[in-house]
There are 2 protein chains.
Amino acid sequence: MRFSVGIDLGGTNIKAGLVSELGEIIQDIITPTNADSGEKAIASRISHTICQLINRGNSFGVGLQDIAGIGIGAAGLIEPVEGVVHFSPNFAGWHDIPLAGLVQEDLAQNSTNCKISALPIVLENDGNAMAFGELCHGAGVNVRNLVSLTLGTGVGGGIVIDGSIFHGSRNAGAELGHTIIQSNGRLCGCGNYGCLEAYVGRQYIIERTRRKIVAEGRYSSLEGNLNDLTPKMISDAAEKGDEVAVDIFVETGKCIGVALTSLAHILNPEMAIIGGGIADAGETLLFEPIRSELKKRAMDTNADSMRVVKAQLGNQAGLVGSAMLVFQN
Amino acid sequence: MRFSVGIDLGGTNIKAGLVSELGEIIQDIITPTNADSGEKAIASRISHTICQLINRGNSFGVGLQDIAGIGIGAAGLIEPVEGVVHFSPNFAGWHDIPLAGLVQEDLAQNSTNCKISALPIVLENDGNAMAFGELCHGAGVNVRNLVSLTLGTGVGGGIVIDGSIFHGSRNAGAELGHTIIQSNGRLCGCGNYGCLEAYVGRQYIIERTRRKIVAEGRYSSLEGNLNDLTPKMISDAAEKGDEVAVDIFVETGKCIGVALTSLAHILNPEMAIIGGGIADAGETLLFEPIRSELKKRAMDTNADSMRVVKAQLGNQAGLVGSAMLVFQN
């Protein structure tokens, strides 16, 4: 059995795991990113975490010779071959940071076992890493062509074509959260109007709920919680039949269904995988409205080709996917 | 030098050409399709045209041994490997018609030189064939990743990834005219609302022009021609400074720019090639509004990656592209 180290480098935490090629997480570590501490400090924290995991692996009978490499997933525009972060929404000052190289240097200087620094390091966009994780060990096993959306503060995207991550000509493809659904619509964080993300990002789901209750004056069990609303509270209320909350998820599902219609017409994938916290709202609240909108809008072959399913790896998709990148080549 | 036969099978005409691998059309023939005459009759007309071209080629010193095969482009859902038309907007009754096989059978029965029927026949969606023609010998030479839009009655689409035509999981991808730009927008011919095609298809360009003049009461040099308007008349008027006509093309360009923004975010191609009659409106009227909308909306890397250019092969892109399919494998 072979193993690899997967790193999900977020703005808040570094999640790291020692993962078998079957996708089992043998050991994992979560440590704060300290996003404003500079690239060298962050590379050093990653490197330290890698050494910890490899040392722990030893006590589980996983030797260094069993470890094929290290995969790192990070948000932003990533150059996978060179291991460079061109820019990242999580690290304000970063431009063209050779992250893979920095981690490797730190490993060479500080790891007690210098062979750790000889392990190959693969860097990837986190949306792509998640899609790849689901492909290898989640909802997309046995699928060759898929798109994935990860719903959170923003909307991450990934595309797999013929079993491989699709990058686009300058590694800037698969920004599926910025598929336009309404050209004269809401301002998105990216500066464009009407992107999917502007409609189904966490903040707007909360804002729409408040608006229905306050501005439209509708009754809702959530009206006592208007200042600390979360998508989880809204989906809990929806499950109990709160009509405002149900409407919020139906609307969210319709917006996702519109974006998936364009993706079905453009890419004709076999599967769309929806993950992230909001996907926990589940089949009736979220997935049925998505599928119904897709069925209504997309051409038959395109709609029929594409199963819409929930991500299976939860918030470990990034970690597992990053680890699996090592086995890709 | 090697040659192939390219066929652009339209609803009205069969355009066929004997084409060199450099993309030169040595001989061409246009003959009516007679779309309602049934698949066998149409296959027979195609087969007859192929024999005519090959015979004519002989008098130009192109022998049968110099011809690598036959490529056919047709609208609709095409299975390229099996050579089957699943359905086509141009041939109402067609379901799962093995067109390549029917042509080959007819060649075997009727060609004076039986070796013609041994030539391989490649079938492809016409939007894909056009994109491939532009890639091989048009605006996309030296480009590896591109999208193409052909503006006409409908909007055809093609995607090239890493030098190859992209088909999607069931050959239903690259339906770029059905990228949604406005989810609550106009009803499209496909049954969906807000597709690009619903905004920039020939009929709506004419309808919008009429509306500006009649319903909005704006002055236009076109007001004497309201019953027989064509996009060409509108672009001619725009070139002479007619404000209504200029507005029509600016609006058309903006709609295309919205769709290209989604395509830039999803596919991050190096180039978007715009062809078809309406593209003749040219740089100032059409391409500048497209580029300006893309620049305004798309993320910098995605916009900067993608050159927006006019198709170079005009209405021969389908014929040349179909011919080049033979050399693809």
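Residues numbered from 1 in each chain as written. Chains lettered and ligands numbered in written order. Predicted model: local features only at pLDDT ≥ 70, side-chain atom pairs only at ≥ 80, totals over all residues.

**Overview of the packing of helix H5 (residues 202–214) of chain B against helix H7 (residues 243–267) of chain B**
Residue and element names in this part refer to chain B. Two elements in contact, H5 and H7, have axes whose closest approach is 10 Å; the angle formed by their N-to-C orientations is 135 degrees. Judged on the interaxial angle alone, H7 and H5 are oblique. Crossing of H5 against H7: the hand is right-handed. Residues Ile-205, Arg-208, Thr-209, Lys-212 and Ile-213 of H5 lie in contact with H7, whose contacting residues are Val-244, Ala-245, Asp-247, Ile-248 and Thr-252. Grouping the constituent residues of the contact of H5 with H7 by class yields 5 nonpolar, 2 polar and 3 charged. (Axes fitted to C-alpha atoms, helices over the stretch in contact; angles between N-to-C directions. Helix = DSSP H or I, 4+ residues; strand = E, 2+ residues; numbered from the N terminus. Parallel < 35°, antiparallel > 145°, perpendicular 65-115°, else oblique. Left-handed = near helix turned anticlockwise from the far one by under 90°. Contact = placed C-beta atoms within 7 Å. Nonpolar A, V, L, I, M, F, W, Y, C, P; charged D, E, K, R; others polar.)

**Re unusual backbone geometry**
All names here are of chain B. The backbone phi angle of Asn-34 is positive, close to 50 degrees, even though this residue is not glycine. Mapped onto the elements of the fold, Asn-34 is located in the loop between strand E3 (25–32) and helix H1 (39–59). On the basis of neighbour counts, which here come to 13 C-beta atoms within 10 Å, the residue Asn-34 falls in the partly exposed class. Despite not being glycine, Asp-162 shows a phi value in the positive range, around 55 degrees. With respect to the element layout, Asp-162 can be found in the loop between strand E9 (155–161) and strand E10 (164–165). (Buried ≥ 20, exposed ≤ 12 C-beta atoms within 10 Å, placed from the backbone.)

**Brief notes about the interface of chain B and chain A**
At the junction of the two partners, chain B supplies 32 residues and chain A supplies 32 residues. Of all the secondary-structure elements, those providing two or more residues to the side of chain B that touches chain A are H7 and helix H9 (300–305) of chain B. With 6 residues, the top contributor of residues to the side of chain B that touches chain A is H7 of chain B.

**Re the pairing of strand E8 (residues 146–151) of chain B**
Residue and element names in this part refer to chain B. Burial runs high along E8: 6 of the 6 residues are buried. Residues Leu-146, Ser-148 and Thr-150 of E8 are buried on one face, and the alternating residues Val-147, Leu-149 and Leu-151, pointing to the opposite face, are buried as well. Direction of pairing for E8 relative to E9: antiparallel, over a ladder of 6 bridges. When the bridges of E9 are listed, Val-147 appears paired with Ile-159. The antiparallel hairpin formed by E8 and E9 contains 3 residues in its connecting segment. (Pairing = 2+ DSSP bridges.)

**Re the sheet that holds strand E11 (residues 271–275) of chain B**
All names here are of chain B. Pairing within the open sheet is mixed, and its 5 strands lie in the order E10-E9-E8-E11-E12. A single partner strand is all that each edge strand has here, and the edge strands are E10 and strand E12 (307–310). Taken strand by strand, helix H3 (residues 126–137) contacts E8, E9, E10 and E11, and its axis lies near 55 degrees from that of E9.

**Regarding the nonpolar core**
In terms of nonpolar packing, the biggest core is built from 214 residues, with Ile-72 and Ala-272 of chain A together with Ala-272 of chain B touching the most fellow members. Other than its neighbours up to four places away in sequence, Ala-272 of chain A contacts Leu-146, Val-147, Leu-260, Leu-263, Met-306 and Val-308 of chain A. (Core = buried A, V, L, I, M, F, W, Y, C linked by C-beta atoms within 7 Å.)

**Notes on the domain arrangement of chain A**
One can read the domain layout of chain A as domain 1 (3–125) and domain 2 (139–311). Each of domain 1 of chain A and domain 2 of chain A has a C-alpha centre, and the two are 30 Å apart. (Domains from an automatic or database assignment.)

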